[in-house]
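Structural characterization, general
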Amino acid sequence: MKYTDLHCDSVTTCLDGGYSLAKGSTHVNCEKLNKSGCAAQCFAIFTDGEGANENFKRYTDYFSASVKALNLTLVDCYARLISCARSGKTGAILTVENLGFTGGDPKKICALKDMGAVMASLVWNNENCFAYPNLIMRGGVPDFSASENRGLKPAGRAAVELLDNLKIIVDVSHLSDGGTDEILKNRKIPTVASHSNARAVCNVPRNLTDAQIKAIADCGGVIGVNFCKDFLGGGHPFGCVKDHLKHMIKTGGEDVIAFGSDFDGIPTVKGLEGCEKMPSLIAYLSDEFGDRITRKLCFENFARVVKEIRG
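Residues numbered from 1 in each chain as written. Predicted model: local features only at pLDDT ≥ 70, side-chain atom pairs only at ≥ 80, totals over all residues. Heavy atoms only, no water.

1. As for the overall build of the protein
For the record, the criterion: The numbering of helices and of strands both runs from the N terminus, where a helix is a DSSP run of H or I of at least 4 residues and a strand a run of E of at least 2. The quantity called the radius of gyration is restricted to C-alpha atoms. Its globule counterpart is 2.2 Å times the number of residues to the power 0.38. The cut-offs for exposure are 20% and 50% of the maximum accessible area for each residue type, with area from a 1.4 Å probe on protein chains only; residues under the lower value are buried, those over the upper are exposed, and the others partly exposed. Calculation of accessible area relied on Shrake-Rupley with a 1.4 Å probe; when residues are assessed, cover is drawn exclusively from the protein chains displayed. For this count, His and the chain ends are skipped, Lys and Arg are scored as positive, and Asp and Glu as negative. By convention, the point assigned to a charge is CZ for Arg, NZ for Lys, CD for Glu and CG for Asp.
Scanning the protein for helices and strands turns up 12 helices and 11 strands. Taking 2.2 N^0.38 as the reference for a compact globule, 311 residues should give roughly 19 Å; the C-alpha atoms of the protein span a radius of gyration of 18 Å, in line with that estimate. Counting only C-alpha atoms, the protein reaches 45 × 40 × 40 Å along its principal axes. By the burial criterion, 58% of the 311 residues in the protein qualify as buried. About 12300 Å² of surface is accessible on the protein, with carbon and sulfur atoms providing 50% of the total. Taking the average place of the 36 positive charges on the side chains of the protein and the average place of its 36 negative ones, the gap between the two points comes to 5 Å.

This is how it looks when you write it as structure tokens:
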């Protein structure tokens, strides 16, 4: 079954680590994607800290060169996404994790549209000019007992409005509870949590509350289940993914679920070592949920959001 994955860090991992996006040992690469039946992979351009602006250009240049060299299809609209699913070609979707590199400059945010960026998040694990993260770090270590309730900064509110006008999907993964709740309050535009799980299943602040899951569902958005063990919880990863999905369906309905692996941004998970394991995971989930819900999970839900926002 064809699938889309809403988040991986393979571009930054490959360029910084000297790995190949064509094939090799990373969680995600072109060879593995082709074999796994991936219709389209979201490649996040992640930057943070000193040199973020320069690094963003390095990563986007590398992404563009890789798409061309590896004969990937750049997916920036619904028609191209559907074409990939029907033709068997692998699509590449450009997304942005952490807009902090822009320094709040609207011109830099507007430039994302010309690059073909489909989705963007305001923040990562460190506070920036837009917002606060939902994962509080103490001495470089995450404090899973603490949550951040402060909302958006003025620049964050302006950025969300601008992203909406640019038809770039707003991604709330990593955003504080206060910021997420602020965006989702009475929201009518589909909003995505590209790589987040259910807090009721694994009680860490990086995961979504039931109210947030329901609010994302109510605005027509989707949540990509994250494969990180810290956010999945104990047990076999297939079973943990199933448990989070079952809770999301119970809370927000079957139209809210998607995949958001976080491959190459998380430690290797035994049983889910990379995208080559996706067909086995999908078969397992199909036995649990049936073909209709699994098709929504794998492709249809995110495709609907792309169609509504991007056209």
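2. Focus on the packing of helix α7 (residues 177-184) against helix α8 (residues 210-218)
Going by this rule: Helix axes are fitted to C-alpha atoms over the stretch in contact, other axes to C-alpha atoms as well, and angles between N-to-C directions run from 0 to 180 degrees. Note on angle classes: values under 35 degrees are labelled roughly parallel, values over 145 roughly antiparallel, values of 65 to 115 roughly perpendicular, and the remainder oblique. Left-handed describes a crossing whose near helix is turned anticlockwise from the far helix by less than a right angle; the clockwise case is right-handed. The contact rule is simple, with two residues in contact once any of their heavy atoms fall within 4.5 Å. For this classification, Asp, Glu, Lys and Arg are treated as charged, while Ala, Val, Leu, Ile, Met, Phe, Trp, Tyr, Cys and Pro are nonpolar and the rest, including Gly, are polar.
Across the interface, α7 lies against α8 with an axial gap of 10 Å and an inter-helix angle of 30°. Considering their axes alone, α7 and α8 lie roughly parallel with respect to each other. Seen along the crossing, α7 lies across α8 with a hand that is left-handed. Where α7 approaches α8, its residues D177, T180, D181 and L184 are matched on the opposing element by Q212, A215 and I216. In terms of residue class, the contact of α7 with α8 is made up of 3 nonpolar, 2 polar and 2 charged.

3. A closer look at the pattern of salt bridges
Note the cut-off: We define a salt bridge as a side-chain nitrogen of Lys or Arg found within 4 Å of a carboxyl oxygen belonging to Asp or Glu.
Taken as a whole and assessed by the stated rule, the structure comprises 18 salt bridges. Linking D61 and K57 is a salt bridge whose minimum nitrogen-to-oxygen distance equals 2.8 Å. Residue D61 and its partner K57 are located together in helix α3 (residues 52-69), separated by 4 residues, close to a single helical turn. When salt bridges that share partners are traced, they join E254, D255, R292 and K296 into one network.

4. Some points on the nonpolar core
Selection criterion: We call a set of buried residues a nonpolar core when its members are Ala, Val, Leu, Ile, Met, Phe, Trp, Tyr or Cys and they connect through side-chain atoms within 4.5 Å of each other.
Among the nonpolar cores identified, the biggest contains 80 residues, and F43, L99, L122, F227, V241, F259 and L281 are the most heavily contacted of them. In this structure, L6, L81, C84 and A303 belong to the second largest nonpolar core, which totals 22 residues.

5. A closer look at the packing of aromatic side chains
For any pair of aromatic rings, the description consists of the separation of the ring centres together with the inter-plane angle of the planes. Here is the rule we go by: Between rings of Phe, Tyr and Trp, where Trp is taken as its six-membered ring, a pair exists when centres lie within 6.5 Å; planes separated by under 30 degrees are stacked, by over 60 edge-to-face, and by other angles tilted.
The tally for this structure, following the rule as stated, stands at 6 aromatic pairs. A centroid spacing of 6.0 Å and a plane angle of 55° characterise the contact between F43 and F63, whose relative ring orientation is tilted. Here the residue F43 occupies a position in strand β2 (residues 38-46), and F63 occupies one in helix α3, the gap between them amounting to 20 residues. On the accessibility criterion, F43 (2% relative accessible area) is buried. Taking 6.3 Å as the distance between ring centres and 70° as the angle between the ring planes, the aromatic pair formed by F227 and F259 counts as edge-to-face. Residue F227 is located in the loop between β10 (222-225) and α9 (229-232), and its partner F259 is located in strand β11 (residues 257-259); the two are separated by 32 residues in the primary sequence.

6. Considering the layout of surface pockets
For the record, the criterion: Lining residues are defined by having an atom within 4 Å of a point belonging to a cavity or pocket. Those points lie on a 1 Å grid over the protein atoms alone, cavities being sets where a 1.4 Å probe fits but cannot get out and pockets being open sets with protein on both sides within 12 Å along at least five of seven lines. Grid points are joined across faces, edges and corners, and a volume is the space filled by probe spheres set on the points.
Of the pockets and cavities examined, the largest pocket occupies roughly 360 Å³. Looking at the largest pocket, it is lined by 22 residues, and the ones nearest its centre are W124, N125, H174, D262 and G265.

7. Brief notes about the confidence of the model for the protein
To keep it simple, the criterion reads: On a range of 0 to 100, pLDDT expresses the predictor's confidence in each residue.
With 100% of its residues at a pLDDT of 70 or more, the protein shows a mean pLDDT of 96. Looking over the protein, one finds the lowest element-wise mean pLDDT in strand β7 (residues 141-142), namely 78, and the highest in β11, namely 99.

8. Regarding the environment of S173
With respect to the helices, strands and loops of the structure, S173 is situated in the loop between β8 (169-171) and α7. Taking the relative accessible area as the measure of exposure, S173 reaches 2% and is therefore buried. Apart from residues lying up to four places away in sequence, S173 is in contact with S121, V123, V192, A193, S194, H195, S196 and R206.

9. Observations regarding the packing of helix α4 (residues 78-87) against helix α12 (residues 291-310)
The N-to-C vectors of α4 and α12 enclose an angle of 155°; their axes lie 9 Å apart at closest approach. Between α4 and α12, the crossing angle belongs to the class labelled roughly antiparallel. Taking contact as the criterion, the partners of Y78, L81, I82 and A85 in α4 are, on α12, F299, A303, V306 and K307. Of the residues assigned to the contact of α4 with α12, the class counts are 7 nonpolar, no polar and 1 charged.

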